[in-house]
Amino acid sequence: MTAEVIYGKQLAEDLRQEMKEEVSALHTKDIRPKLVVVILGEDPASMSYVKGKQRASEKVGMDSDLIELPVETSERELLDLIEKLNQDPTVHGILVQLPVPDHISDQKIIEAIHPDKDVDGFHPANVGKMMTGQDTFFPCTPYGILVMLKRADITLEGKHVVIIGRSNLVGKPVGQLLLNENATVTHCHSRTKDMQSHTKQADILIVAAGKPSLISGEDIKEGAVVIDVGVNRVDGKLTGDVDFDSAKEVASHITPVPKGVGPMTITMLLHNTIKAAKRIHNQ
Ligand SMILES: Nc1nc2c(c(=O)[nH]1)N[C@@H](CN(C=O)c1ccc(C(=O)N[C@@H](CCC(=O)O)C(=O)O)cc1)CN2
């Protein structure tokens with residue numbers, strides 16, 4: 001078997017085209033969706049993600065601001081800025097790029113963003129809504145994975161989904177979103193014993209561990225769907241958590257790195273920002 005490759009990049013482009021039309025329709029009603037991205041420091045990968053977010057927002061016709069702060073910015077200064085943005089009626093979505101420097105509590109920052117402007121979907125109020133099956137802003141990478149699976153016509157109900165990773169950004173929320181779709185979900189993590197005994201049972205295997213080539217063909221059940229969320233740089237080359245060449249011989253569907261899940265993250269952020277603007281303006 002050679003797997004069908006699911007390119008998030010192509011889907012992301014199609015969705016962004018649809019969003020462009022949605023944004024122009026909002027402009028005719030004098031609604032201008034606006035995203036503000038805040039970054040502390042100059043980490044090159046984070047810088048490239050925030051520039052990508054700004055570029056993508058502008059391409060669909062949204063307003064966007066990038067606020068670049070020095071790495072030594074205090075937690076108080078950041079909280080004050082967030083409060084100002086919470087109060088600004090022209091701003092619909094606020095995002096602080098993670099990770100933040102060690103002297104700042106990421107949880108305090110996440111909780112400072114008003115839930116109605118929390119386009120990352122990280123605020124406990126929004127996480128709680130997701131957990132109780134309510135409509136809200138879903139975290140962008142997990143939401144992007146859900147949309148990719150649905151667009152590829154992969155049935156979720158009754159499927160055994162195994163997730164490697166339990167981060168608040170990806171592992172936990174993707175499990176919750178797929179549970180909401182009636183999948184049976186298993187989480188594996190660094191303390192899991194005999195990982196292969198779990199991965200071999202997966203109809204859908206989602207790997208978000210941040211470990212290059214953690215999973216290869218021999219860990220995968222014949223015909224499984226494999227979603228690689230890893231973004232690792234090895235010898236200057238971007239690589240996922242899955243050994244693509246061996247995995248594609250066993251899987252029915254597989255996402256590549258790059259051009260797989262990554263581009264969907266920014267796309268779902270645009271989706272959430274448009275949703276925030278519509279909600280604030282009762283559309
Ligand atoms: N506030 C947030 N911080 C972080 C998030 C987030 O959702 N909100 N996620 C990650 C980083 N991230 C977005 O911020 C992100 C990661 C990867 C990609 C992406 O498009 N990857 C490409 C490769 C790009 C490259 O060459 O480096 C791909 O996989 O094809 C987009 C966004 C942590 N922080």
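Nothing here was measured: the structure is a model prediction, and the numbers come from that model.

A. Molecular detail of the environment of Glu75. Note on placement: Glu75 falls in helix H3 (residues 75-87). According to the C-beta neighbour criterion, Glu75 is partly exposed, with 15 such atoms within 10 Å. For the pair Glu75 and Lys108, spaced 33 residues apart in sequence, the C-alpha separation works out to 8.8 Å. Ignoring anything within four residues of it in the chain, the contact list for Glu75 reads His103, Ile104, Ser105 and Lys108.

B. Examining the site of the ligand more closely. Around the ligand lies a shell of 20 residues, among which Tyr49, Leu98, Pro258, Gly262 and Thr265 are the nearest. Those elements that provide at least two residues to the shell around the ligand are helix H2 (44-59), strand E4 (93-96), helix H6 (140-151) and helix H10 (262-280). Ranked by residues supplied to the shell around the ligand, first place goes to H10 with four residues. Considering only residue class, the shell around the ligand consists of twelve nonpolar, six polar and two charged.

C. Up close: the sheet that holds strand E7 (residues 204-207). If you trace the six strands from one edge of the open sheet to the other, you get E1-E11-E8-E7-E5-E6, paired in parallel fashion. Edge positions in the open sheet fall to strand E1 (4-5) and strand E6 (184-188), since each of these has one partner strand only. Across four bridges, E7 lies against strand E8 (residues 225-228) in parallel orientation. Paired with Ile204 across the bridge in E8 is Val225. Strands strand E5 (160-164), E6 and E7 of the sheet are contacted by helix H7 (residues 171-180), whose axis makes an angle of about 170 degrees with E6.

D. Seen up close, the domain arrangement of the chain. Each domain of the chain was delimited in the assignment, giving domain 1 (30-114) and domain 2 (140-262). Between the C-alpha centres of domain 1 and domain 2 there is a distance of 28 Å.

E. Main features of H2. The end-to-end C-alpha distance of H2 is 22 Å, a good match for the 22 Å that 16 residues give at a rise of 1.5 Å each. Along H2, the positions that sit buried rather than exposed are Lys53, Ala56 and Ser57. Along the axis of H2, the buried residues cluster in a sector spanning 100 degrees; they form a single face. Residues of H2 that are exposed and point more than 90 degrees away from the buried face comprise Pro44, Ser48, Arg55 and Glu58.

F. Up close: the environment of Gly240. With respect to the helices, strands and loops of the structure, Gly240 is situated in the loop between strand E10 (237-239) and helix H9 (244-247). A sequence separation of eleven residues divides Gly240 from Val229, and the C-alpha atoms of the two residues are 6.7 Å apart. Sequence-distant contacts of Gly240, defined by excluding residues within four places in its chain, comprise Asp228, Gly230 and Val257.

G. View of the UniProt feature "domain: Tetrahydrofolate dehydrogenase/cyclohydrolase NAD(P)-binding" (unreviewed entry) in the chain. Following the UniProt record, one finds the feature "domain: Tetrahydrofolate dehydrogenase/cyclohydrolase NAD(P)-binding" (unreviewed entry) at residues 139-279. Secondary structure content for residues 139-279 is 35% helix and 18% strand, while the C-alpha to C-alpha distance between its ends is 17 Å.

H. Highlighting the packing of H6 against H10. Look at H6 against H10: their axes get within 8 Å of each other, and the N-to-C directions meet at 100 degrees. As far as their axial angle goes, H10 and H6 are roughly perpendicular. Every residue of H10 that contacts H6 at Cys140, Thr141, Tyr143, Gly144, Val147 and Met148 is listed here: Met264, Thr265, Thr267, Met268, Leu269 and Asn272. Considered class by class, the residues forming the contact of H6 with H10 number seven nonpolar, five polar and no charged.

Calculation criteria
Residues numbered from 1 in each chain as written. Predicted model: local features only at pLDDT ≥ 70, side-chain atom pairs only at ≥ 80, totals over all residues. Helix = DSSP H or I, 4+ residues; strand = E, 2+ residues; numbered from the N terminus. Buried ≥ 20, exposed ≤ 12 C-beta atoms within 10 Å, placed from the backbone. Contact = placed C-beta atoms within 7 Å. Near = placed C-beta within 6 Å. Nonpolar A, V, L, I, M, F, W, Y, C, P; charged D, E, K, R; others polar. Pairing = 2+ DSSP bridges. Axes fitted to C-alpha atoms, helices over the stretch in contact; angles between N-to-C directions. Domains from an automatic or database assignment. Expected span 1.5 Å × (residues − 1). Arc of directions from axis to C-beta. UniProt positions renumbered as here; feature names shortened; annotations may be inferred. Parallel < 35°, antiparallel > 145°, perpendicular 65-115°, else oblique.

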